[in-house]
Amino acid sequence: MPKSKKRSNRPAGGRQKAIQPFSDDDSSVETMSHCSSFSDAASFAEDGAEVDEEAAQEDFEFKLKGLIDLTMDKSAKTRQAALEGLKNGLSSKILYDFILERRLTLTDSIERCLKKGKGEEQRVAASLACLLCCQLGSGIESEEVFKTLAPVLKNIISDRSASMPARQACASYLGLCCFIATDDIEDLYMTMECMENVFTKQYRSEGGTDNASALHIQALQSWALLLTICHSSEVKKKIDIHLHKLPRLLSCDNVNLRIAAGETLALLFELAREADADFYYEDLEPLTETLKGLATDCNKHRAKVDRRKQRSVFRDVLRAVEDGEFQSEVIRFGRERMHIDCWVKRLTYGVFKELFGSGMQFHLMVSLRDVILLSFLID
């Protein structure tokens with residue numbers, strides 16, 4: 001993502017202590033109790049009710065320091081609980097100075113948990129990697145985090161022996177880390193290629209398993225997000241390759257994959273028309289017929305909730321493809337408003353909302369401006 005990279009003058013932290021070897025041994029009851037109290041999201045909100053703000057912040061950071069130490073624990077359960085606690089903490093507050101001082105230690109911890117951990121531990125570690133980049137913002141520090149962790153995330157994505165939830169998380173968060181952190185066009189294109197290698201398998205699939213489809217959905221969404229920050233020549237190249245292939249996914253069995261394909265098609269049409277006012281798609285008529293069928297689907301073999309969700313999304317997709325229209329919405333946070341008036345903004349907002357969850361409103365008001373809001377209309 002084209003940005004100005006500036007290294008902070010604040011000192012960055014190093015590794016704090018000798019690292020214990022990983023094992024799957026159960027931790028002691030005391031250690032687990034200590035870690036569980038840290039990883040409980042509610043504990044982050046209890047401070048400050050009876051003490052001043054400065055003391056509450058010090059207590060909060062003290063808990064986070066304990067969690068960082070526990071990510072090096074021998075027990076997989078303890079490491080996972082520590083990662084969950086850090087994830088809750090980084091989702092709920094802006095911690096730039098605290099994170100900057102411990103960037104190297106945190107990056108090292110996440111890398112070890114991704115390499116040595118399994119399943120759920122890898123999934124949470126991947127989300128923490130993304131939150132770390134968000135906290136650091138777009139700059140040299142976050143780019144260094146990305147360059148360290150991207151190869152590990154890519155290995156997990158392509159590792160068939162890894163758990164499917166871990167692979168899905170890595171596909172999702174690798175794309176978002178790249179969106180936030182990288183200023184290297186080669187890193188951007190290589191990350192997109194990694195995602196293409198995943199979701200294009202669905203072009204040749206007869207349906208696939210729901211788990212595999214979920215991985216393809218995350219890869220497709222990450223690829224589409226990164227496409228929005230590509231040079232116009234690269235956007236045109238990708239549209240030429242995929243615009244005729246994506247409609248194949250509209251007939252797959254998985255409703256969420258059909259929806260992801262439809263939303264990506266709407267995005268591609270928006271980008272194509274933005275680049276070329278005279279853009280013409282020769283297979284528009286059969287495509288719109290397919291979209292109309294999905295927007296009015298009454299197939300009794302599909303769950304009612306799936307049919308309702310599909311019809312709602314594909315009505316929007318049909319308007320975008322057929323007429324270039326978008327149903328705008330307004331997101332309110334504090335005294336400000338953010339206008340979502342195109343598919344690019346809708347995708348970007350949705351990805352960050354999924355990452356931050358209930359903390360999205362807070363981060364919109366404080367930390368996400370230099371990442372996504374500068375291109376949005378704020379009142």
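With an unreviewed UniProt entry as reference, the protein is termed Interferon-related developmental regulator 1, source organism Eleutherodactylus coqui. UniProt, in the comment section headed Sequence similarities (unreviewed entry), describes the protein in these words: "Belongs to the IFRD family." As recorded by UniProt, the Subunit (unreviewed entry) comment attached to the protein reads in full: "Interacts with PSIP1/LEDGF."

Helix α15 (residues 304-323) packs onto helix α14 (residues 284-295) with a crossing angle of 155 degrees between their chain directions and a minimal axis gap of 8 Å. Taken together, the axes of α14 and α15 lie roughly antiparallel to each other. Here α14 and α15 pass one another in a crossing that is left-handed. Where α14 approaches α15, its residues L284, L287, T288, L291, K292, L294 and A295 are matched on the opposing element by Q310, R311, F314, R315, V317, L318, V321 and E322. Residue classes in the contact of α14 with α15 are distributed as nine nonpolar, two polar and four charged.

With that out of the way, let us pick up empty space enclosed by the protein. Take a probe with the size of a water molecule and roll it over the atoms, and the empty space left behind shows itself. Counting across every chain of the model gives four cavities of 30 Å³ or more. There is about 50 Å³ of room inside the second largest cavity. Within the residue set of the lining of the second largest cavity, elements represented by two or more residues are α9 (164-181) and α16 (343-356). Its residues placed into classes, the lining of the second largest cavity shows four nonpolar, two polar and one charged.

The next subject is the layout of surface pockets. A volume near 620 Å³ is recorded for the largest pocket. Q221, I259, E263, L347 and G350 are, among the 26 residues lining the largest pocket, the residues nearest its centre. Put simply, the parts of the chain that give the lining of the largest pocket at least two residues each are α11 (210-227), α13 (255-275), β1 (329-333) and α16. Per-element accounting of the lining of the largest pocket gives the leading share, nine residues, to α16. In terms of residue class, the lining of the largest pocket is built from twelve nonpolar, six polar and eight charged.

Turning next to the pairing of β1. Sheet topology places β1 next to strand β2 (residues 336-340); five bridges connect them, and they run antiparallel. For E329, the partnering residue across the bridge sits in β2 and is I340. Hairpin geometry of β1 and β2 is characterised by an intervening segment of two residues between the two adjacent antiparallel strands and by a positive phi of about 60 degrees at G334.

A few words now on the packing of aromatic side chains. Pairs of aromatic rings are described using the distance from one ring centre to the other and the angle between the two planes. Applying the stated criterion across every chain, the model contains six aromatic pairs. Ring geometry for F179 against F352: centres 6.2 Å apart, planes inclined by 65 degrees, an arrangement best described as edge-to-face. Taken as a pair, F179 in helix α9 and F352 in helix α16 lie far apart in primary sequence, 173 residues in all. For the pair F179 and F352, one class covers both residues: buried. Taking the centre distance of 5.5 Å and the plane angle of 80 degrees together, the rings of F326 and W343 count as edge-to-face. Remark: W343 occurs in helix α16 and F326 occurs in the loop between α15 and β1; sequence separation between them is 17 residues. Per residue, the accessibility class of F326 equals that of W343, and both read buried.

About the criteria used
Residues numbered from 1 in each chain as written. Predicted model: local features only at pLDDT ≥ 70, side-chain atom pairs only at ≥ 80, totals over all residues. Heavy atoms only, no water. UniProt positions renumbered as here; feature names shortened; annotations may be inferred. Axes fitted to C-alpha atoms, helices over the stretch in contact; angles between N-to-C directions. Helix = DSSP H or I, 4+ residues; strand = E, 2+ residues; numbered from the N terminus. Parallel < 35°, antiparallel > 145°, perpendicular 65-115°, else oblique. Left-handed = near helix turned anticlockwise from the far one by under 90°. Contact = heavy atoms within 4.5 Å. Nonpolar A, V, L, I, M, F, W, Y, C, P; charged D, E, K, R; others polar. 1 Å grid on protein atoms, 1.4 Å probe; cavity = no way out; pocket = protein on both sides within 12 Å on 5 of 7 lines; lining within 4 Å. Points joined across faces, edges and corners; volume = space filled by probe spheres on them. Pairing = 2+ DSSP bridges. Phe/Tyr/Trp six-rings, centres within 6.5 Å; stacked < 30°, edge-to-face > 60°. Buried < 20%, exposed > 50% of the residue type's maximum accessible area, 1.4 Å probe, protein only.

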